[in-house]
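# Tertiary structure, described
The chain contents come next:
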Amino acid sequence: MTLTVSNQCPRVAIAGGGLMGRLLAWRLALRGLDITLFEAGSLARPSGACWTAAGMISPLSELVHSERSVYELGLRSLVLWREWSGCLQLLCGSPVGFRQAGSVLVAHGRDRSELLQFQRELQGKLEAGEVGQLRAVAATELWELEPALAGFERGLFLAPEGDIDNRRLLPALLEVLRRQRVSLREECPVDCEPFTIFEGGRRQEFELVVDCRGLGARDRVPGLRGVRGEVLVVETPEVQLRRPVRLLHPRYQLYAVPRENGQTVIGATEIESEDMSPTSLRSCMELSSALYSLNPAFAEARIIETRVNCRPATMDNLPVVEGEPGLVSVNGLYRHGYLLAPALAERVEQLAIGQVQQLA
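Residues numbered from 1 in each chain as written. Predicted model: local features only at pLDDT ≥ 70, side-chain atom pairs only at ≥ 80, totals over all residues. Heavy atoms only, no water.

## So, the nonpolar core
By size, the foremost hydrophobic cluster in this structure holds 51 residues, and its most contacted members are Ile-14 and Leu-19. Counting residues per element, the ones that place at least two in this core are strand E1 (11-15), helix H1 (19-30), strand E2 (34-38), helix H4 (68-92), helix H7 (166-179), strand E13 (208-211), strand E20 (327-331) and helix H9 (337-359). Take this core: its biggest share by element is 11 residues, from H9. Within the second largest apolar cluster, 25 residues are counted, among which are Val-104, Val-106, Leu-287 and Leu-291. (Core = buried A, V, L, I, M, F, W, Y, C linked by side-chain atoms within 4.5 Å. Buried < 20%, exposed > 50% of the residue type's maximum accessible area, 1.4 Å probe, protein only. Helix = DSSP H or I, 4+ residues; strand = E, 2+ residues; numbered from the N terminus.)

Structure follows, in structure tokens:
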């Protein structure tokens, strides 16, 4: 579908070149719109939360501590990730690292109550026809699912869940945008108003502005705050998980997401702070100890990277999608970036196309 306004291709500015900005630039360019993507930092070397994240797409796991709307958006995102990852692979010629092999939750014997409580709470939030997505597994089946988790007597298998390798996806999206001839403006912080982008003292007008600047949009999203997250990337040929694994614990929930070349991304921290200083010794020790408890062979793993970032969150930790003439805003994805981004991008795309059609 190609739209025209006054015999010219409608010009759309997208502020923010993270995951949401790249997805929207791709999808709207496919609609025949003339897209300019503004990014305050580097597009080739992103520094935002989308680059730090582990890329989990886990609607069931998040439902226990989130609203049902997050779960429903996550299910829609899984459908879109399957479709869009295939399209991106065809366009850029290489896999983007989407995997839908489910996820596994485990707890040590002394923490068995955490696993049972999680199961009860999740079953209580699922509707009758959805409970089958969750399956309790005993030691034998757990070993068949994840041989690297030897020693755990029971667990939970969440079959629909998936993950995506952000270190593959984000460069692939950037390559596709270049091939689509999207205008890319790096190191270019901007302010947003309806129909208008302000770049320093320069004013630029567009048929539509889409604001997905994350924490850079504090002026437009009341109560927006940053929530610090810390992850480690370790490497060892001794342990290879097959899918994301969560370890339930009274103080924290560790997640471990396998990547290629013997690497594993691990995290658990969620700190109400916008501190961007390096990973704390305490966090490193807790993450390492929990990872060791998954499999003692992780003791010889090498820490090859530490990542710290702040995720944009609203006061109720729910995403915000708002539209007014000439401006559409999306923000507050919190810790659910890869879980929610496609479903929210689809919603923003519909709003954007609706606005442009009204100008025709």
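## Considerations on helix H5 (residues 112-125)
One turn of an α-helix holds 3.6 residues; hence residues three or four places apart share an orientation. Taking 1.5 Å of rise per residue, the 14 residues of H5 would be expected to cover 20 Å, and the 20 Å separating its terminal C-alpha atoms lies within 8% of that figure. Within the sequence span of H5, burial applies to Leu-115, Phe-118, Gln-119 and Leu-122. Angularly, the buried residues of H5 cover 100 degrees about the axis, an arc narrow enough to put them on a single face. Exposed side of H5, more than 90 degrees from the buried face: Arg-120 and Gly-124 are the residues found there. Residues of H5 that are buried sit in contact with helix H3 (59-63), strand E5 (103-106), strand E6 (134-138), strand E7 (154-158) and strand E15 (245-248). (Expected span 1.5 Å × (residues − 1). Arc of directions from axis to C-beta. Contact = heavy atoms within 4.5 Å.)

## Structural notes on the packing of aromatic side chains
Aromatic ring pairs are defined here through the distance separating the ring centres and the angle between the ring planes. Counted under the stated rule, the structure contains three aromatic pairs. The interplanar angle of 85 degrees and the centroid separation of 5.7 Å between the aromatic rings of Trp-26 and Trp-84 together place this pair among those described as edge-to-face. Here Trp-26 is found in helix H1, whereas its partner Trp-84 is found in helix H4, with 58 residues between them in sequence. The ring of Trp-26 has Arg-27 lying over it, and the distance from NZ or CZ to the ring centre is 4.7 Å. (Phe/Tyr/Trp six-rings, centres within 6.5 Å; stacked < 30°, edge-to-face > 60°. Lys NZ or Arg CZ within 6 Å of the ring centre and 35° of its normal.)

## Let's talk about H7
Taking 1.5 Å as the rise per residue, H7 with 14 residues should run 20 Å; its terminal C-alpha atoms sit 20 Å apart, in good agreement. Within H7 the residues assigned to the buried category are Asn-166, Leu-169, Leu-170, Ala-172, Leu-173, Leu-174, Val-176 and Leu-177. Between the side-chain oxygen at the start of H7 and the backbone nitrogen of Arg-167 there is a gap of 3.0 Å, and the oxygen is on Asp-165. Residue Arg-181 follows H7 closely and has a positive phi angle near 60 degrees. (Polar contact = N/O pair within 3.5 Å; in protein donor to acceptor, adjacent residues only side chain to side chain.)

## Focus: the sheet that holds strand E11 (residues 196-199)
The strand order across the open sheet formed by three strands is E10-E11-E12, and the pairing between neighbours is antiparallel. Edge strands, defined here as strands with exactly one partner in the open sheet, are strand E10 (191-193) and strand E12 (202-205). Adjacent strand axes in the sheet meet at a mean angle of 25 degrees, parallel and antiparallel pairs treated alike. (Pairing = 2+ DSSP bridges. Axes fitted to C-alpha atoms, helices over the stretch in contact; angles between N-to-C directions.)

## Let's talk about the confidence of the model for the protein chain
Put simply, the protein chain has an average pLDDT of 94, and 98% of its residues get 70 or more. In the model, residues 1-6 has pLDDT below 50 throughout and makes 18 contacts with residues more than four positions away in sequence or in other chains. (pLDDT = per-residue confidence, 0-100.)

## Description of the environment of Gly-214
Inspection of the secondary structure assignment puts Gly-214 in the loop between E13 and strand E14 (225-235). Accessibility expressed as a relative area gives 14% for Gly-214, which makes it buried. Those residues within four positions of Gly-214 in sequence are excluded, and the remaining contacts are Leu-224, Pro-312 and Asn-331.

## Describing the pairing of E11
Where E10 lies against E11, three bridges are found, and the strand directions are antiparallel. Among the inter-strand pairings, Glu-193 is bridged to a residue of E11, identified as Thr-196. A loop of two residues connects E10 with E11, the two strands running antiparallel in sequence, and Phe-195 in this loop sits at a positive phi of about 65 degrees. Pairing geometry for E11 and E12, over four bridges, is antiparallel. Bridge pairing links Ile-197 to Gln-204 in E12. Following E11, the chain reverses through two residues before pairing antiparallel with E12; Gly-200 in that reversal takes a positive phi of roughly 65 degrees.

## Considering the packing of H1 against H4
Geometrically, a packed helix pair is captured by the angle between its two axes and the distance between the axes. Two elements in contact, H1 and H4, have axes separated by 13 Å at closest approach and are oriented at 70 degrees. Judged on the interaxial angle alone, H4 and H1 are roughly perpendicular. Seen from H1, the contacting residues are Leu-19, Leu-23, Trp-26 and Arg-27; seen from H4, they are Trp-81, Trp-84, Cys-87, Leu-88 and Leu-91. Along the lines of polarity and charge, the residues of the contact of H1 with H4 split into eight nonpolar, no polar and one charged. (Parallel < 35°, antiparallel > 145°, perpendicular 65-115°, else oblique. Nonpolar A, V, L, I, M, F, W, Y, C, P; charged D, E, K, R; others polar.)

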